[in-house]
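Okay, here's what each chain looks like letter by letter:
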Amino acid sequence: MAWTEPLLYERLTWPEVRRAASEDRVALIPVATLEDHGPHLPIDADLRIAAELCRRVAEAMPSETVLLPAIPHGYSPHHMDFPGAITIGWDTFTRYCTDVGTSLAHHGFKRMLYVNGHGSNQNLVEMAARLVGLEYSDVLSAACFYLQTPEAVRTIAEVRESSRGGMGHACELETSIYLEIDPDAVEMEKAVDERSSTEAR
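Here the structure is a predicted model, which means the values were calculated and not measured.

Cut-off values and rules
Residues numbered from 1 in each chain as written. Predicted model: local features only at pLDDT ≥ 70, side-chain atom pairs only at ≥ 80, totals over all residues. Heavy atoms only, no water. Salt bridge = Lys/Arg side-chain N within 4 Å of Asp/Glu carboxyl O. Helix = DSSP H or I, 4+ residues; strand = E, 2+ residues; numbered from the N terminus. Buried < 20%, exposed > 50% of the residue type's maximum accessible area, 1.4 Å probe, protein only. Core = buried A, V, L, I, M, F, W, Y, C linked by side-chain atoms within 4.5 Å. Contact = heavy atoms within 4.5 Å. Expected span 1.5 Å × (residues − 1).

(A) Expanded view of the pattern of salt bridges. The full count for this structure, using the stated rule, is 11 salt bridges. With its nearest N and O atoms 2.6 Å apart, the salt bridge here joins Arg55 to Glu59. On the criterion of helical spacing, the pair formed by Arg55 and Glu59 is a turn pair, its members being 4 residues apart in helix α2 (residues 45-60). Overall, Arg55 belongs to the partly exposed group, its relative accessible area being 28%. Residue Glu59 is classed as partly exposed on the basis of its relative accessible area of 43%. Measuring nitrogen to oxygen at the nearest pair gives 3.4 Å for the salt bridge that ties Glu180 to Arg56.

(B) How the structure looks around the nonpolar core. Judged by nonpolar contacts, the single largest core of 27 residues is most densely connected at Ile29, Val31, Leu104, Phe109, Met112 and Tyr114. Those elements that place two or more of their residues in this core are α1 (14-22), β1 (26-31), α3 (90-106), β3 (111-116) and α4 (122-135). With near-sequence residues (within four places) excluded, Ile29 lies in contact with Leu68, Ile71, Val100, Leu104, Met112, Leu113, Tyr114 and Val115.

(C) Representation of α2 in the model. Here α2 contains 16 residues, and its C-alpha end-to-end distance of 22 Å stays within 8% of the 22 Å for a straight helix at 1.5 Å per residue. Taken residue by residue, α2 has Ala45, Asp46, Leu47, Ile49, Ala50, Glu52, Cys54 and Ala58 as its buried positions. The inward-facing, buried residues of α2 contact β1, β2 (65-67), β3 and α6 (172-181).

Here it is, written out as structure tokens:
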């Protein structure tokens, strides 16, 4: 029986999960958080971006991937002064991500990639991936932050319009990506320039 692709993990029956694992597919695990993104972007910006990137990868490589539901809550204690943010303790979050990976490994998946969309998650997601690999030595488990690949850095340098400080939180980059994904959800008339001299990007 042919798959409906991209392959969505949550839509599979348990025999289909076993089959997907036997096909040596990469399990894509979007990870992000819910937090403020200026007055113009929804609080799901990190989550929506990471999930959409993974969805597009799964569509481009349908026979090589299985797409998991996104992990929506991350480590954001520094955003709690803004209504809407939800933060998970660093140890709980790391263990949760690890448990997702070890569950997949237990079911036979040998390759998995956590695709993170929130900066403060990154070290914790990398630790989770490492812990999966330590528990299952035959599993290749890795984590990436979508903004840190050499290709991403080159693309940003080529297309950016803002000066130094314009690629920080909820600025040109995240706003542009969200506009590509769902322009009706972005309230550009409410956007403000909140760059500070301490911003490094």
